[in-house]
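Here is what each chain is made of, one letter per residue.
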Protein chains: 2
Amino acid sequence: MTYKANDPSLKSWINVPKDSDFPIQNLPYGIFSTDKKSPRAGVAIGNFILDLVEIQSAQLFKELELPERIFDQPTLNAFMDLGKSVTVPVRERISELLREDNSELQDNDQLKDKALIDQEEATMHLPIQVGDYTDFYSSESHATNVGTMFRDPDNALLPNWKHIPVGYHGRASSIVISGTPLRRPNGQTKAPDADAPSFGPSKRVDFELEMAFITCGKNELGEPISTKDAPDHIFGFTIFNDWSARDIQVWEYVPLGPFLAKNFGSSMSPWIVTMEALEPFKVAGPKPDPEVFPYLKFDGNYHFDVNLEVAVQPKGAEEKVVTNSNFKYMYWNVVQQLAHQTINGCNIKTGDVYASGTISGPEEGTYGSMLEVAWKGTKPVAMSDGSDRKFIHDHDTVIMRGYGEKEGVRIGFGEVRSEILPAKEIK
Amino acid sequence: MTYKANDPSLKSWINVPKDSDFPIQNLPYGIFSTDKKSPRAGVAIGNFILDLVEIQSAQLFKELELPERIFDQPTLNAFMDLGKSVTVPVRERISELLREDNSELQDNDQLKDKALIDQEEATMHLPIQVGDYTDFYSSESHATNVGTMFRDPDNALLPNWKHIPVGYHGRASSIVISGTPLRRPNGQTKAPDADAPSFGPSKRVDFELEMAFITCGKNELGEPISTKDAPDHIFGFTIFNDWSARDIQVWEYVPLGPFLAKNFGSSMSPWIVTMEALEPFKVAGPKPDPEVFPYLKFDGNYHFDVNLEVAVQPKGAEEKVVTNSNFKYMYWNVVQQLAHQTINGCNIKTGDVYASGTISGPEEGTYGSMLEVAWKGTKPVAMSDGSDRKFIHDHDTVIMRGYGEKEGVRIGFGEVRSEILPAKEIK
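Nothing here was measured: the structure is a model prediction, and the numbers come from that model.

Describing the sheet that holds strand β5 (residues 123–125) of chain B
Strand pairing in a sheet is mediated by backbone hydrogen bonds. Such pairs are either parallel or antiparallel. All names here are of chain B. Read from one edge of the open sheet, five strands run β4-β3-β2-β1-β5, paired in antiparallel fashion. Two strands in the sheet have a free side with no partner beyond their single neighbour: β4 (116–118) and β5. Strand-to-strand twist of the sheet, defined as the mean angle between neighbouring strand axes without regard to direction, takes the value 50°. Sheet analysis places strand β2 (residues 40–45) next to strand β3 (residues 48–51), joined by four bridges and oriented antiparallel. Among the inter-strand pairings, V43 is bridged to a residue of β3, identified as L50. Contacts from helix α3 (residues 84–98) reach β1 (29–33), β2 and β3, with the element oriented near 70° to β1.

As structure tokens, this is what we get:
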């Protein structure tokens, strides 16, 4: 598919800094508010947000026949629920309005004054009401690293791993927007040589570098979504930090999987970059070996060449980049994940979150968690203030960023940034 | 706590059949519609539903100062969200209006005509918008039976089981109301002696007899709910059939837990029986051994003496009761489950579902799944039509019922009934 809005030659009448994540070719959606504006939908362009409520009020979406006040809502769910036959033309129209050769908005000073908000004056909100949240486990290097550390280096991947895009259900309520601090979780842990478990703050809080896709539309219970139809249900992507407490996880996860080790919080970047904006960054993934069942086969490319980095910033110190990875380092891709999620008839809804699982590349320096970066604590990572890290300390801020770049166009995600606060004292 | 509405001597001016689940001491909430009425809140009394929209319109809740049209909604979430300081007085007031010595409604023929609906003329709907869904694993006999069958009879319980109310996150979107048929799931399975997995309809579809509690109110992310405060957040209970595909589960569940084996559907009974109505049925649970961490200690009793049964009905045949269990057969109770869910700061919301896990008693005849009843297929169960069952066949209907009985008062849950349809053909 080609979209006019992706044309690398497009330029906006709004000045977009060269290193911005948000050129006219991106146009990601978010929910923002200001002192004077209630939470509503906007699109990022350079250092500004385009207020879509104002654009609709000014009749600039008139020909698209959108429902009234579709953007004047605290989440994007109602808009996303309209489906791609509506949301794709909306993106194309926004692109048109922002082009240097278009005067409709450019020459309307009164409207520009109302509709363009400096990002620094806005507060971003979680852009969706989350339905269900699934976390996959789809990076071969990550699964291999974990299997090597905790099980058997010679049989690091479990027998099902190359047949099934392994995943599990996570907690929707505790998905929070970038900037929300999270408390270090309390919980039960048990050292391998201890007779009994202990209770207290986790000593092994870790980030997991992931990408998440957000769904639009639904299927009826009992009706699978094929890999062919899956793209119609993928509205867009965010960066996703699936916080994990490794010591709690090890004690609790047999036989039903991770629970309290994960559900104390997951952090999401505020802008949803559409599937369409990522079109130029599609690349082929690894050849499946062994062959997969027909329901997991697909045409086209659904891996994405998106550079990712994670930085850790101790309180009062400079940040330090601890890993550089890429969303292309996946074995299972997004259409396989959605086809698998629904092959048994499971129903999806607008606003579900499907996270990739930790994205690790094949080499040191590309791993997506502190567990792997510091290799189970054996290779501590030096911080900018001279301290080192095996896992995340209190008051550390973890920052994840990502972008694709091609033909001089950089499509970025903004960042997801979250501070770990000390554990709550439990009496 | 004692509630006037629970007084066994109360009688209603509405005729309640002797074996009804819904005497005046119960008053469970549901969402119903009729040909003329849009989905709205009602309370079951005998064979009738009291339409709470009509009662509020007639000013009979006037002194409670409820929000306008709080019952004129397709879910109970907004009502439950008002909290127990409101919902408990509402129950007491409904009880008062239905008492034989109260004339307010009894003598108002016009209002009675509008406000009392024959249950047979109503369609019941899922009574809540489900937030998150957690499934626990809290029956010792069930965990022991499963451990005995699949692992080691001498070490059937895993080391964490008596320290942690083990649980995992399930799928909220596929929770459906009684009466909704479900398709047999397709999926990957692998026989122990097979070289590679196969794909096709599950051959081991099973019920799981569970009770679920529904939460009201919320906690802030990072702030645990203690066992002492937990009852304020438990609005009420339903019977819950956590459908499972055993063969899919065995192949997929390592290391992240059950996923497609469970999320094709879970079935819920339509009436939410309040925590207050179950007060008379509270009983002591087993003594914890070993001692639990302080956050899992509690005062009072939070096990419930509720008789449970499961019947299987082949198409066109009589139903056959295959097990008789009881909600009291739990090791971990509901306040421990909620305290555990939140001890790491995980936040809950109004409308979350927390299921008990399969409820099995200590003896044959009291097990809560076909896996256990037919002991992994070694003891097939005879049906009324002469066929037998190891697991559930296409077009079988599974029916679960439950009630507590004390001092001549029977507090029942109605039933959850669901038919398994043949698997969808996958091309």
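Some words on the relation of the copies chain B and chain A
For the match of chain B to chain A, the screw axis carries a shift of 0.0 Å, the RMSD comes to 0.0 Å, and the turn is 180°. The relationship between the two copies is best expressed as a two-fold rotation axis. Minimal C-alpha distance to the rotation axis in chain B is attained by B:G257, lying at 2.1 Å. Of the residues that chain B buries at the interface, 100% are likewise interface residues in chain A, meaning the two copies contact each other through the same surface.

Some thoughts on the pattern of salt bridges
It is possible for side chains of opposite charge to pair when their charged atoms get near one another. Applying the stated criterion across every chain, the model contains 56 salt bridges over all chains. Two residues, A:E223 and B:R183, come together in a salt bridge whose shortest N-O distance is 3.9 Å. Pair noted here: A:E223 is in the loop between β13 (209–215) and β14 (234–241) and B:R183 is in strand β9 (residues 182–183), and the two residues belong to different chains. On the basis of relative accessible area, A:E223 is assigned to the partly exposed category, the value being 29%. Residue B:R183 is classed as partly exposed on the basis of its relative accessible area, which comes to 30%. In this structure, B:R171 and A:D352 form a salt bridge, with 3.0 Å as the shortest nitrogen-oxygen distance. Of the two residues, B:R171 sits in the loop between β7 (167–169) and β8 (175–177) while A:D352 sits in the loop between α7 (334–342) and β22 (353–355), which places them in two different chains. Across the pair, A:D352 and B:R171 agree in class, each one buried.

Side note on the UniProt feature "domain: Fumarylacetoacetase-like C-terminal" (unreviewed entry) in chain A
The UniProt record marks residues 134–399 of chain A with the feature "domain: Fumarylacetoacetase-like C-terminal" (unreviewed entry), using the residue numbering of this structure. Taken end to end, residues 134–399 of chain A comprises 12% helix and 27% strand; its first and last C-alpha atoms sit 22 Å apart.

Here's the deal with the UniProt feature "binding site: Mg(2+)" (unreviewed entry) in chain A
All names here are of chain A. Here the UniProt feature "binding site: Mg(2+)" (unreviewed entry) sits at D242, K262 and S266. With the annotated positions falling across 25 residues, the maximum pairwise C-alpha distance of 7.7 Å places them together in a single cluster. For D242, the position within the fold is in the loop between β14 and β15 (244–245). Classification of D242 by relative accessible area gives buried; the value is 0%. Those residues within four positions of D242 in sequence are excluded, and the remaining contacts are Y133, D135, Y168, E208, E210, K262 and S266. Structurally, K262 can be placed in the loop between α6 (246–252) and β16 (266–268). We classify K262 as buried; its relative accessible area is 9%. A distance of 2.9 Å separates polar atoms of two side chains, one belonging to K262 and the other to E208.

Here's the deal with the interface of chain B and chain A
Across the boundary between the two partners, chain B contributes 60 residues, which contact 60 residues of chain A. Counting the surface chain B buries against chain A, the share from its top three residues, B:R171, B:L256 and B:F259, is 14%. Between the two partners, chain B and chain A, sit eight salt bridges. The residue A:E223 makes a salt bridge to B:K424 at a minimum N-O spacing of 2.8 Å. On the surface where chain B and chain A come into contact, there are 30 residue pairs in polar contact (both at pLDDT 80 or more). Taken together, the elements giving at least two residues each to the side of chain B that touches chain A come down to β6 (133–136), β7, β9, β10 (186–189), β11 (198–201), α6 (246–252) and α7 (334–342) of chain B. For the side of chain B that touches chain A, the element with the highest residue contribution is β7(B), accounting for three residues. Split into classes, the residues belonging to the side of chain B that touches chain A amount to 32 nonpolar, 19 polar and nine charged.

Definitions and limits used
Residues numbered from 1 in each chain as written. Chains lettered and ligands numbered in written order. Predicted model: local features only at pLDDT ≥ 70, side-chain atom pairs only at ≥ 80, totals over all residues. Heavy atoms only, no water. Pairing = 2+ DSSP bridges. Helix = DSSP H or I, 4+ residues; strand = E, 2+ residues; numbered from the N terminus. Axes fitted to C-alpha atoms, helices over the stretch in contact; angles between N-to-C directions. Contact = heavy atoms within 4.5 Å. Least-squares fit on C-alpha atoms with pLDDT ≥ 70 in both. Salt bridge = Lys/Arg side-chain N within 4 Å of Asp/Glu carboxyl O. Buried < 20%, exposed > 50% of the residue type's maximum accessible area, 1.4 Å probe, protein only. UniProt positions renumbered as here; feature names shortened; annotations may be inferred. Polar contact = N/O pair within 3.5 Å; in protein donor to acceptor, adjacent residues only side chain to side chain. Buried area = accessible area lost by both parts, 1.4 Å probe. Nonpolar A, V, L, I, M, F, W, Y, C, P; charged D, E, K, R; others polar.

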